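Residue-level structure breakdown
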Amino acid sequence: MTDPVTAFRGHYHYRGDALDGAERSAAIAECALDAWLAAAHDRGLSVSVLERFAPAQESTYAVVEIDGNRYAVRQHGRGNDVEAHPL
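Now for a look at the structure at hand. (Residues numbered from 1 in each chain as written. Predicted model: local features only at pLDDT ≥ 70, side-chain atom pairs only at ≥ 80, totals over all residues. Heavy atoms only, no water.)

**So, the pairing of strand β4 (residues 69–76)**
- Bridge count for strand β3 (residues 60–66) against β4 is six bridges, and the pairing is antiparallel. Residue pairing across strands places I66 opposite N69, the latter belonging to β4.
- Hairpin connection of β3 to β4: two residues between the antiparallel strands, including D67 at a positive phi of 50 degrees.
- Pairing geometry for β4 and strand β5 (residues 81–86), over six bridges, is antiparallel. (Pairing = 2+ DSSP bridges. Helix = DSSP H or I, 4+ residues; strand = E, 2+ residues; numbered from the N terminus.)

Take a look at the structure:
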């Protein structure tokens, strides 16, 4: 049976602005996490964000909890997709 939390990806579009360095990385991390949270909400999942990483730490944007299970919300590959992985 497929885990409904890992069965989808969020897709984000970061519109570059005047930020650079750590500020830009933090803005991208927030944008990516927001996209994944919106996708989770669209699927009826109730998500608690336990920890946010802005900028990302090793491509991880957050640790979340859903139905008592913890997941790392991470960048998928080199594109603009974000997915959850069980911890």
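Continuing now.
**Describing the environment of P86**
- Tracing the chain through its elements places P86 in strand β5.
- Separated by 22 residues in the primary sequence, P86 and V64 place their C-alpha atoms 9.7 Å from one another.
- P86 has contacts with T6, R70 and Y71, leaving out every residue within four places of it along the chain. (Contact = heavy atoms within 4.5 Å.)

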